[in-house]
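Report on the structure
Spelled out, the chains give:
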Amino acid sequence: MTVDSSAASKPRRSTAGKAGTTGTKRTTRSTAKKSSEPELVQLLTPEGKRVKNAEYDGYVAGITPDELRGLYRDMVLTRRFDAEATSLQRQGELGLWASLLGQEAAQIGSGRALRDDDYVFPTYREHGVAWCRGVDPTNLLGMFRGVNHGGWDPNSNNFHLYTIVIGSQALHATGYAMGITKDGADSAVIAYFGDGASSQGDVSEAFNFAAVYNAPVVFFCQNNQWAISEPTEKQTRVPLYQRAQGFGFPGVRVDGNDVLACLAATQWALERARAGEGPTLIEAYTYRMGAHTTSDDPTRYRHDDERASWEAKDPILRLRRFLESANHADEGFFAELEAESEALGKRVREVVRAMPDPDDFAMFENVYADGHALVDEERAQFAAYQASFADAEGGN
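Not measured: the values here are computed from a predicted model.

The rules behind the values
Residues numbered from 1 in each chain as written. Predicted model: local features only at pLDDT ≥ 70, side-chain atom pairs only at ≥ 80, totals over all residues. Heavy atoms only, no water. Patch = residues over 30% accessible without salt bridge, like charges linked within 9 Å, V, L, I, M, F, W, Y side chains within 5 Å. Areas by Shrake-Rupley, 256 points an atom, 1.4 Å probe, with all protein chains shown as cover. Salt bridge = Lys/Arg side-chain N within 4 Å of Asp/Glu carboxyl O. Helix = DSSP H or I, 4+ residues; strand = E, 2+ residues; numbered from the N terminus. Axes fitted to C-alpha atoms, helices over the stretch in contact; angles between N-to-C directions. Parallel < 35°, antiparallel > 145°, perpendicular 65-115°, else oblique. Left-handed = near helix turned anticlockwise from the far one by under 90°. Contact = heavy atoms within 4.5 Å. Nonpolar A, V, L, I, M, F, W, Y, C, P; charged D, E, K, R; others polar. Pairing = 2+ DSSP bridges. Phe/Tyr/Trp six-rings, centres within 6.5 Å; stacked < 30°, edge-to-face > 60°. Buried < 20%, exposed > 50% of the residue type's maximum accessible area, 1.4 Å probe, protein only. Lys NZ or Arg CZ within 6 Å of the ring centre and 35° of its normal. Polar contact = N/O pair within 3.5 Å; in protein donor to acceptor, adjacent residues only side chain to side chain. Expected span 1.5 Å × (residues − 1). pLDDT = per-residue confidence, 0-100. Arc of directions from axis to C-beta. Core = buried A, V, L, I, M, F, W, Y, C linked by side-chain atoms within 4.5 Å.

Turning our eyes to something else, we now look at a nonpolar patch on the surface. On the surface, Phe209, Val212 and Tyr213 cluster together into a nonpolar patch covering about 330 Å² of accessible area. Here Tyr213 shows up in the loop between helix H7 (201-212) and strand S5 (217-223).

Here's what the structure looks like:
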């Protein structure tokens, strides 16, 4: 499954399944599958078949049909919310949107592995994790509409504000994890980032600090194959999870479209962290089905057949096949969920369009705890600038 680290114990090598191909780039990306693809943890095949895995079966052995339906519901509603946000951006209601389409299993599986007292440091695409933490999805949209800097209290749900600076949250998470260790807490921290962010120096620094100080942090990398237009093989010569070995802690690659594998692997890593065994790197091997953000055009750098190959591994369809084959869900369940999904989309549209514009001068508040001469000067300049429009309208 992974390369072992002498600094920490971990499950032995998995034989669950092989990683899939990563597709083709329009001009330079190879179409040949590498002969030495690393193995990955998989509990549920794309066809919805449950496969055994001695190392990780125990983490999902007690899962009930109701909990399986809950995971399915989480993924469906998260995808519906994401689709509505994308549509709202196309209609001019949002300035930008970063879709999670295709990454629902990675986020819901890992998000449901967390305890209430664990703390999450996301990037800007963890809408599914936010859902798991109880953050109202409409609160995620205020920043993308430009009416606030994050519409939720991080401490209410132990879910930090979205981080736009690529990779910096890995350091924030590590520092927080070091702090809770000093406090004597047995909770854990998880940091989310993408394959592109793994090339940032902040992430390497976080790995080093976490290893040296044995911080209770899980680094959860969603390898969706593309850092905007840059494929993963242009960023690294080894599979991403193997980077952990150089820092002295274990790494594991999981099937990021398998919600059960993501749930199990994250539970294992979090338990390690809480037991004082230090950090873990999880590479969720998945795919970004849509654009990097709504300002991106993926047709300029990847072929449609690449997406088509990953659509066959769709995380939601995969779990639905399993639920149906195991008689854990009937048509009534799916129909009821469809109605709930449409109601969510309607509520999101209504709430976003009703969001009030922010106070023009709110940006100057809370910059410093006390007053500051430079901020006062900038506020006065902005007030004069705003007043000039009123003067111009009056002159007409």
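What follows covers the packing of helix H1 (residues 65-90) against helix H2 (residues 104-111). Contact geometry of H1 with H2 gives a least axis separation of 10 Å together with a crossing angle of 130°. Comparing their axes, H2 and H1 come out oblique. Where H1 crosses over H2, the handedness of that crossing is right-handed. Listed contacts from H2 to Leu71, Asp74, Met75, Thr78 and Arg79 of H1 are Glu104, Ala105 and Ile108. Counted by class, the contact of H1 with H2 contains four nonpolar, one polar and three charged residues.

We now examine the sheet that holds strand S4 (residues 189-194). Across the sheet, which stays open at both edges, the five strands sit in the order S3-S4-S5-S9-S8 with parallel pairing between neighbours. What marks the edges here is a single partner per strand, and that holds for strand S3 (119-121) and strand S8 (251-255). Going across the sheet, the axis of each strand differs from the next one's by a mean of 20°, ignoring polarity. Alignment of S8 against strand S9 (residues 280-285), held across five bridges, turns out to be parallel. The residue bridging Gly251 from the neighbouring strand is Leu281, located in S9.

A few words on the packing of aromatic side chains. All told, the structure shown has 29 aromatic pairs when counted by the stated rule. Between Tyr287 and Trp310 the ring centres are 5.3 Å apart and the planes differ by 10°, which places this aromatic pair in the stacked class. Of this pair, Tyr287 sits in the loop between S9 and helix H10 (304-311) while Trp310 is found in helix H10, placing the two residues 23 residues apart along the sequence. Residue classification places Tyr287 among the buried positions, given a relative accessible area of 0%. The buried category is assigned to Trp310, whose relative accessible area is 2%. Arranged with centres 5.0 Å apart and planes meeting at 85°, the rings of Tyr385 and Phe389 form a pair that is edge-to-face. Residue Tyr385 and its partner Phe389 are located together in helix H13 (residues 373-395), separated by four residues, close to a single helical turn. Note on Tyr385: relative accessible area 48%, which makes it partly exposed. A relative accessible area of 41% places Phe389 in the partly exposed class. The residue whose ring lies beneath Arg320 is Phe334, and the NZ or CZ to ring-centre distance is 3.7 Å.

Along the chain, Arg80 falls in helix H1. Classification of Arg80 as buried rests on a relative accessible area of 16%. Discounting residues that sit within four places of it in the chain, Arg80 has contacts with Ser341, Glu342, Gly345 and Arg349.

Here we come to the side chain of Thr232. With respect to the helices, strands and loops of the structure, Thr232 is situated in the loop between strand S7 (230-231) and helix H8 (243-247). A polar contact is formed between the side chain of Thr232 and the side chain of Asn223, at a distance of 3.1 Å.

A word on unusual backbone geometry. In this model, Ile228 sits at a positive phi of 55°, which is unusual for a non-glycine residue. Along the chain, Ile228 turns up in the loop between strand S6 (226-227) and S7. Despite not being glycine, Asn327 has its phi angle at roughly 60°, a positive value. Among the secondary structure elements, Asn327 is positioned in the loop between helix H11 (315-325) and helix H12 (331-353).

Moving on to H1. In a regular helix each residue adds 1.5 Å, so 26 residues correspond to 38 Å; H1 covers 38 Å between its end C-alpha atoms and thus fits that length. In the segment just after H1, Gly92 is the residue with positive phi, at about 85°.

The next thing to look at is the confidence of the model for the chain. Considering every residue of the chain, the mean pLDDT works out to 90; 89% of them sit at 70 or more. Ignoring residues within four places in sequence, the model shows residues 1-35, a span with pLDDT below 50, making 103 contacts including any to other chains.

It is worth spelling out H7 at this point. Counted at 1.5 Å a residue, the expected span for H7 with its 12 residues is 16 Å, and the 17 Å between its end C-alpha atoms agrees. Inspection of H7 places Val203, Ala206, Phe207 and Ala210 among the buried residues, and these make up the whole buried set. Considered in projection along H7, the buried side chains sweep an arc of 100° and stay on one side of the axis. In the core, the buried residues of H7 are packed alongside helix H6 (168-183), S4, S5, H8 and S9. Immediately beyond the C-terminal end of H7, within one or two residues, lies Asn214, with a positive phi of roughly 55°.

All right, on to the pattern of salt bridges then. Summed over the entire model, instances satisfying the criterion amount to 25 salt bridges. For Arg253, the salt bridge identified is with Glu283, shortest N-O distance 3.0 Å. Highlighted residues: Arg253 in strand S8 and Glu283 in strand S9, separated in sequence by 30 residues. Glu283 gets classed as buried once you look at its relative accessible area, which sits at 0%.

Here we take up the nonpolar core. Judged by nonpolar contacts, the single largest core of 68 residues is most densely connected at Tyr72, Leu141 and Leu319. A total of 11 residues in this core trace back to one element, the largest contributor, which is helix H9 (residues 259-274). Contacts of Leu319, omitting those with residues within four sequence positions, involve Leu44, Leu68, Leu71, Tyr72, Met75 and Val259. Ala173, Val203, Ala244 and Phe249 belong to the second-largest nonpolar core, a separate cluster that totals 22 residues.

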